Amino acid sequence: MNHHIVPLKIYFAIFAALMAGTALTVWAAFQDFGEFNTLVAVVIAVVKAALVVLFFMHVKYSDKLIWVFASAGFIWLIILFAFTLMDPMTRDWLPVGAPLPM
Amino acid sequence: MAESRNPLAHHFDSLEQQYAAAKLGMWSFLITEVMMFGGLFLGYILYRCRFPEVFAQGSHHLDIKLGAFNTAVLIVSSLTMALAVHAAQEGRKQATLTYLFFTLMLGLTFLGVKVIEYSDKYQHHLIPGARFLWSEGDAGPPQLFYSYYFCMTGLHAIHMVVGAGLLLWLMALTARNRFSPAYYTPIEMVGLYWHFVDIVWIFLFPLLYLIGRH
Amino acid sequence: MKEESAATVNYLNCDYSIRSWLLTVDHKRIGIMYLLAVTVFFLIGGIMATLFRFELSTAAGDLVTAETYNKLFTLHGVVMVFFFLIPSVPAVLGNFVLPLAIGAKDVAFPKLNLLSWYVFMIGGGITLFVALTGGLDTGWTFYTPYSSTYATTDVLSAAIGVFITGFSSILTGLNFLVTIHKMRAPGMTWMRMPLFVWALYATSLIMVLATPVLAITVALLAVERATGIGIFDPALGGDPVLFQHMFWFYSHPAVYIMILPSMGVISELVATFCRRRIFGYSFVAASSIAIAVIGFFVWGHHLFLSTQSVYAGMVFSFLSFLVAVPSAVKTFNWTATMYKSSVSWQSPMLYVMGFMGLFLVGGLTGVVLATLGLDVHMHDTYFVVAHFHYIMVGGVLMGYLGGLHYWWPKITGRMYSEAWAKVSALLVFVGFNLTFMPQFILGYLGMPRRYYAYPPEWQTLNVLSSAGASVLGVGYLIPVIYLLWSLRHGKPAPANPWGGKGLEWTIASPPTPHNFEKPVIVTEGAYAYGEGGHGHG
Amino acid sequence: MSSPFALFPERASTMAWSVDALFLFILWISIFFTVGISAAVVYFAIKYRRKHDDEVPVQIEGHLGLEILWSVIPLILMMVMFFWGTKVFLQLVVSPADATPIYVVGKQWMWKIQHPDGRREINELHVPVGEKFRLIMTSEDVLHSFFVPAFRTKMDVVPGRYSSLWFEATREGVYHLFCAEYCGTSHSGMTGRVVVMSPADYAKWLSGQAPAGPAGGAMADVGAQLFTAKACNTCHDGRPGALGPPLAGTFGHSVTLADGSEVVVDEGYIRESILNPQAKLVRGFQPVMPTYKGQLSEEEILQLITHIKSLKSVEASGEKP
């Protein structure tokens, strides 16, 4: 089988980036970005996860189908979150009864 | 085909087809894993939006040092796992074994730290249920935080245990010369699984340990 | 192996030992093992239904106690949904036909396939164990906080049973996805695939993407039940509506897990029995995928009255209307296929016509329920019960029975009694309508579902419904008899009894252990009836 | 109530005909398509039935125009149904501002109803014709659903949350009240009657009813007694420097919270503040209030809420302290 063998250099570079990301997210937790605290943490986590998926999990070197499957998982995750949270987030817009506010 | 040494199963035409099928199957499985953890994250997000202060307080009872240490442990283990796959691709049996062993040890280290954290929660009466004690007001929402803490890290830990078992199995097969540069599919598949478990923790760490530390 | 000439060795007679069945990795044998399993589950679910339909023939509660009644309808729902409707077409017919239809020797992961059967049996066993040791009374929907805190029955074991069964569905879906992507014979392009395969692909997508959410939902329910921690408990600030969102994120798409494969079967049957390529093939194929995808965005229509936000309700209602369009497209195309074709009146075609009528009623009443202003009145009434039985029993079961009759000669190598098959198709159709049509009226009059006793003025309609159920029951029992009879006394089936064009009809009935003796190369699309058809459009 | 051969339940509220009209519209469209397609299937099956075994019909691939036609026509019909349905829905769920509140607590397996004037009913609801009522409902245990078919309305009753439902009865009579959300063993026994009376009969009925309830008196009065008994008044008396924020005149208005956001004081907010006082703290006050979870029943909380609703602000009532 002729598969792409990822050069070791890349593995170590990704590893360094992941460790740096961990340090960054701990540092960021002690800063106050106001409303964006959670967003910053999630963005860092998403970037770290993307690095793992693309390089450690070889998606960058895989055919289109794997790209599609890998993305599908995350797209459906977003569907689950967005369409469920749509309900509690908009309950107060039209207080039909008086639901407990979020 | 455990008995025969020929890794090509009867219903495939080529090793290439078999490898592609295995890889696609593994990714399909990982999608189901994403959705399964997704259900947990969903409830966590909802309750965290509803009880932001309580979740921050709950988070402050978690040990950020142990959490960060474990994050680093898992990232190193992901690297050694990637190196194990790399070594297998090049047919270096001894190196493959060594990297798999390191990965296993790091995984066990993670689980050990988890045991320390869990027993700490037990001693401080932070296990949800009848024994739960909370001095800072209504004990309801903090129980939700800890329920999710235990469910999420618990499910993750179960995945680590399964992963450790898979690593042992791979080491046994490697030692028996079952793999070659032409056929190392199981190592790569377990690698995908291991990296996925790492990714889950990459999200769990900031979401559970790092709320409102400023 | 027996002393027989090579030509007559098939997957059934190649080895008669019990072991060769229990450890088989042959998709055809696994399909038969699923057939046996789902038939048993169907009979159990059917007995429950018979009992409570009997109870409902009088307005007062007199045959059984309220507690027993609740356990009967719960078990009926759990068994029928998780152990019959979801596995019936994909795991029985899909397992048998899919590799044959795409020219493969087996599914991609034969051992996983066998594992999924065992997982299914273990999950089913646990659930039935609950039935024997006291029953379950939460309804198949397991709504919290009743299921998590208040029910006194064994919710924990039932949740574990459903959780385990979920993995069987996941494994089947995953296996089919990979099989369709990677195992097609040379020349079998996507646009040459039979529509049943398209439908199975769409179904598998839902199985893989939705089932894990059900798994984690019932797992959380089990954990909350077992340890008393708070997940959905309103006393702790938890949200019982969250459970409903998570439950229906799976359970609404699960309706499409049930109906899509049946639609695929119907497409095959229409083509074969009209000797005609399906009208608008690509639209029918695409509509399967469209239903699978849009089907993920509509679950909130089960929550219109759950105190869900009005805005969320509107979005879910809008998307629910959208999903009706691809279903309509399929129906129109099947009808158009019959135009100027050569319609055979053999029994599978009778099931097709039955399916069309019942599915139309089921689908259009679904549109009624998707309408926000109407759902307020009809939610949780018998109107809903009638609607989903038209889809699940009228639609799914007609497709399943039609498919079973269609592929029976291929599966067993025997022909069944055509006359009896026609009688049973007719009985099922009449009995079904008699059972469920009155329930639409009851629902609009306001009879809530899951009621054990009801106001006396509704007795007439309930008696009609119960009478219909007995006709339906007979209609289901007859096939069991003549199909079993055919195994011993039926005429040997030729390779292609119906003149079908699928790859499965090019090989012997029953097929040899490895399906295709010669390498398969596909050179034309599915349904290549007639030479160089003069189509237009 | 209704005859054994009725196809429609009685129409006894202002919304009943709106719902039925919409239903009939969709019903006729459905009948049209069901009959039309079924007829086509049967007709084709007979007309084009196979005459001999080796018959090969002409092959038709498809027709793009037809595909578009039978996608777009259903789509248009669907959109009409969606907009009409949504319009009716909004009328059904949004209570008019002038509706009289009635408080409902569901529990396994009964409906407990309190009127603001203190009358209590179990499984029965007496209302006069031609007046709007808004039910404010919660549950003590599991999910229930308040369903009156003759009014064409229904709403789930959820523990830990208030939901509401409104109606204006138009016809005298006795109508079914059902619990529509499965709630356990005696789910089908959780039924009752809605008695709609003429205003004169209603007045007569009212006078024949002694104001009931353990403490007697209007809900707000019972609430006022609770307010003192639970010592709410020691902190919420509205004096400058009091430990808790003043409550008089706040209902229906928004208050500023500690984090700067605003929240409207409604039934849900008051309930949350009683049970989980620290969740939404009013700006300028310390988190010192203890939780009253487990000390008040759902009905008592509703009595406190009606009391707080009845408190007029000092300026509005013209009193001087």
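What you see is a predicted model, and the numbers here were worked out from it, not measured in a lab.

Cut-offs used in this document
Residues numbered from 1 in each chain as written. Chains lettered and ligands numbered in written order. Predicted model: local features only at pLDDT ≥ 70, side-chain atom pairs only at ≥ 80, totals over all residues. Heavy atoms only, no water. Helix = DSSP H or I, 4+ residues; strand = E, 2+ residues; numbered from the N terminus. Rg over C-alpha atoms; globule rule 2.2 N^0.38 Å. Buried < 20%, exposed > 50% of the residue type's maximum accessible area, 1.4 Å probe, protein only. Areas by Shrake-Rupley, 256 points an atom, 1.4 Å probe, with all protein chains shown as cover. Core = buried A, V, L, I, M, F, W, Y, C linked by side-chain atoms within 4.5 Å. Contact = heavy atoms within 4.5 Å. Buried area = accessible area lost by both parts, 1.4 Å probe. Polar contact = N/O pair within 3.5 Å; in protein donor to acceptor, adjacent residues only side chain to side chain. Salt bridge = Lys/Arg side-chain N within 4 Å of Asp/Glu carboxyl O. Axes fitted to C-alpha atoms, helices over the stretch in contact; angles between N-to-C directions. Parallel < 35°, antiparallel > 145°, perpendicular 65-115°, else oblique. Left-handed = near helix turned anticlockwise from the far one by under 90°. Nonpolar A, V, L, I, M, F, W, Y, C, P; charged D, E, K, R; others polar. Pairing = 2+ DSSP bridges. Expected span 1.5 Å × (residues − 1). Patch = residues over 30% accessible without salt bridge, like charges linked within 9 Å, V, L, I, M, F, W, Y side chains within 5 Å.

S.K.: Account for the overall build of chain C, naming residues and giving values.
M.R.: For chain C, the helix and strand inventory stands at 15 helices and zero strands. For 537 residues, the compact-globule formula gives about 24 Å, and the C-alpha radius of gyration of chain C, at 23 Å, lands near that figure. With the C-alpha coordinates of chain C rotated into their principal frame, the extents come out at 70 × 50 × 45 Å. Sorting the 537 residues of chain C into buried and exposed places 72% on the buried side. In the structure as shown, chain C presents an accessible area of about 15,500 Å², 71% of it carried by carbon and sulfur atoms.

S.K.: Give a description of the nonpolar core that names residues and reports values.
M.R.: Membership of the largest hydrophobic core comes to 385 residues, with the highest contact counts inside it found for W27 of chain B, F82, F142 and Y400 of chain C together with F146 and F151 of chain D. If you look at the next biggest cluster of nonpolar residues, it comprises 25 residues, including M219, F227, V255 and I308 of chain D.

S.K.: Pulling in residues and values, what's your account of the environment of A180 of chain D?
M.R.: The residue A180 of chain D is located in the loop between β9 (173–179) and β10 (192–197) in this model. Given a relative accessible area of 1%, A180 of chain D falls into the buried group. Along the backbone, A180 of chain D and L143 of chain D are 37 residues apart, and their C-alpha atoms lie at a distance of 9.6 Å. With sequence-adjacent residues up to four places away left out, A180 of chain D is seen in contact with D380 and P448 of chain C together with S145, F147, K154 and H187 of chain D.

S.K.: Residues and numbers for the interface of chain C and chain D, please.
M.R.: Taken together, the contact between chain C and chain D spans 99 residues of the former and 85 residues of the latter. Across the interface of chain C and chain D, roughly 8,100 Å² is buried in total on both sides, 68% from carbon and sulfur atoms. Looking at the side of chain C facing chain D, the largest losses of area belong to R275, F332 and Y444 of chain C, adding up to 8% of the total buried there. Summed over the shared surface of chain C and chain D, the number is 30 residue pairs in polar contact (both at pLDDT 80 or more). Secondary-structure elements contributing two or more residues to the side of chain C that touches chain D are α3 (66–101), α5 (146–150), α8 (240–274), α9 (281–294), α10 (310–338), α11 (347–370), α12 (372–378) and α14 (418–445) of chain C. Among the elements that make up the side of chain C that touches chain D, the one with the highest residue count is α10 of chain C (16 residues).

S.K.: I'd like a rundown of the pattern of salt bridges, residues and numbers included.
M.R.: Residue and element names in this part refer to chain D. Within this structure, the stated rule accounts for 24 salt bridges over all chains. Where R134 meets E267, a salt bridge forms, and the shortest distance between an N and an O atom there is 3.9 Å. Residue R134 is found in strand β5 (residues 132–139), and its partner E267 is found in helix α5 (residues 267–275); the two are separated by 133 residues along the sequence.

S.K.: Describe the packing of helix α3 (residues 64–89) of chain B against helix α6 (residues 185–209) of chain B, and please don't skip the residues or the numbers.
M.R.: When two helices pack together, their arrangement is given by the angle between their axes and by how far apart the axes lie. All names here are of chain B. The N-to-C vectors of α3 and α6 enclose an angle of 165°; their axes lie 10 Å apart at closest approach. Taken as axis vectors, α3 and α6 run roughly antiparallel relative to one another. The two elements α3 and α6 cross, and the hand of that crossing is left-handed.

S.K.: Lay out the interface of chain D and chain B with the relevant residues and their values.
M.R.: Contacts between the two partners involve five residues from chain D, matched on the other side by five residues from chain B. Between chain D and chain B the total buried area reaches about 400 Å² when both faces are included, carbon and sulfur atoms providing 34% of it. Between the two partners, chain D and chain B, sit zero salt bridges. Counting every contact that joins chain D to chain B gives zero residue pairs in polar contact (both at pLDDT 80 or more). Its residues placed into classes, the side of chain D that touches chain B shows two nonpolar, one polar and two charged.

S.K.: Could you give an account of unusual backbone geometry, naming the residues involved and the relevant values?
M.R.: Put simply, T144 of chain C and P145 of chain C share a cis peptide bond, and its omega is 0°. Tracing the chain through its elements places P145 of chain C in the loop between α4 (110–132) and α5. A cis amide bond, omega -5°, links Q108 of chain D with the succeeding residue W109 of chain D. The residue W109 of chain D is located in the loop between β1 (100–107) and β2 (110–114) in this model. Phi angles above zero are rare outside glycine, and T307 of chain C is one such case at about 75°. In this structure, T307 of chain C sits in the loop between α9 and α10. In the Ramachandran plot, N515 of chain C falls in the positive-phi region, its phi being about 70° despite a non-glycine side chain. Structurally, N515 of chain C is set in the segment after α15 (459–489).

S.K.: How would you sum up the side chain of T179 of chain C? Please name residues and give values.
M.R.: By secondary structure assignment, the location of T179 of chain C is in helix α6 (residues 155–182). Discounting chain neighbours no more than four positions away, the residues touching T179 of chain C are L98, I102, D106, V107, A108 and R184 of chain C.

S.K.: Hey, could you go over the pairing of β10 of chain D for me, with residue numbers and the actual values?
M.R.: Residue and element names in this part refer to chain D. Burial within β10 is extensive, with five of its six residues counted as buried. Where strand β4 (residues 124–128) meets β10, five bridges bridge the pair, whose relative direction is parallel. Bridge pairing in β10 links H126 to V195. Both β9 and β10 contribute to a ladder of five bridges, which runs antiparallel. Pairing of H176 across the sheet is with R193, part of β10.

S.K.: Lay out helix α5 (residues 140–175) of chain B with the relevant residues and their values.
M.R.: Residue and element names in this part refer to chain B. In this model, α5 (36 residues) spans 52 Å end to end at C-alpha, consistent with the 52 Å of a helix rising 1.5 Å per residue. Most of α5 is tucked away: 27 of the 36 residues are buried. Backbone geometry just downstream of α5 places N177 in the positive-phi region, at approximately 60°.

S.K.: I'd like a rundown of the sheet that holds strand β6 (residues 144–148) of chain D, residues and numbers included.
M.R.: Residue and element names in this part refer to chain D. Read from one edge of the open sheet, five strands run β4-β10-β9-β6-β7, paired in mixed fashion. The open sheet has two edge strands, β4 and β7 (153–157), and neither has a second partner. Each adjacent strand pair in this sheet contributes to an overall mean axis angle of 20°, direction not counted. The sheet contacts of helix α3 (residues 199–208) involve β4 and β10, and relative to β4 the element is tilted by about 130°.

S.K.: Which residues make up the packing of helix α2 (residues 27–55) of chain C against helix α13 (residues 382–412) of chain C, and what are the values?
M.R.: All names here are of chain C. Interaxial distance between α2 and α13 falls to 14 Å at its minimum, and their mutual angle equals 145°. The two elements α2 and α13 cross, and the hand of that crossing is left-handed. Along the contact surface, α2 presents I32, L35, V38, F42 and R53, while α13 presents Y382, L397, Y400, L404, W408 and I411. Each residue belonging to the contact of α2 with α13 can be placed in one class, and the counts come to 10 nonpolar, no polar and one charged.

S.K.: Describe the sheet that holds β1 of chain D, and please don't skip the residues or the numbers.
M.R.: Residues and elements named next belong to chain D. With mixed pairing, five strands are arranged side by side in an open sheet as β3-β2-β1-β5-β8. Either end of the sheet is taken by a strand with one partner, and the two such strands are β3 (120–122) and β8 (163–168). Taking the axes of each pair of neighbouring strands and ignoring which way they run, one obtains an average angle of 25° across the sheet. In this structure, β1 lies alongside β5, joined through seven bridges in parallel fashion. The residue of β5 that forms the bridge with V104 is M137.

S.K.: Explain a nonpolar patch on the surface to me, using residue names and the numbers behind them.
M.R.: Residue and element names in this part refer to chain A. A surface patch of nonpolar side chains, amounting to about 680 Å² of accessible area, comprises L24, W27, F33, F36, L39, V43 and V47. Those elements giving two or more residues to the nonpolar patch turn out to be α1 (8–29) and α2 (37–56). No other element matches the three residues that α2 contributes to the nonpolar patch. By the element assignment, L39 lies in helix α2. The exposure class of L39 is partly exposed, given its relative accessible area of 49%.

Read these as geometric descriptors, not functional statements.
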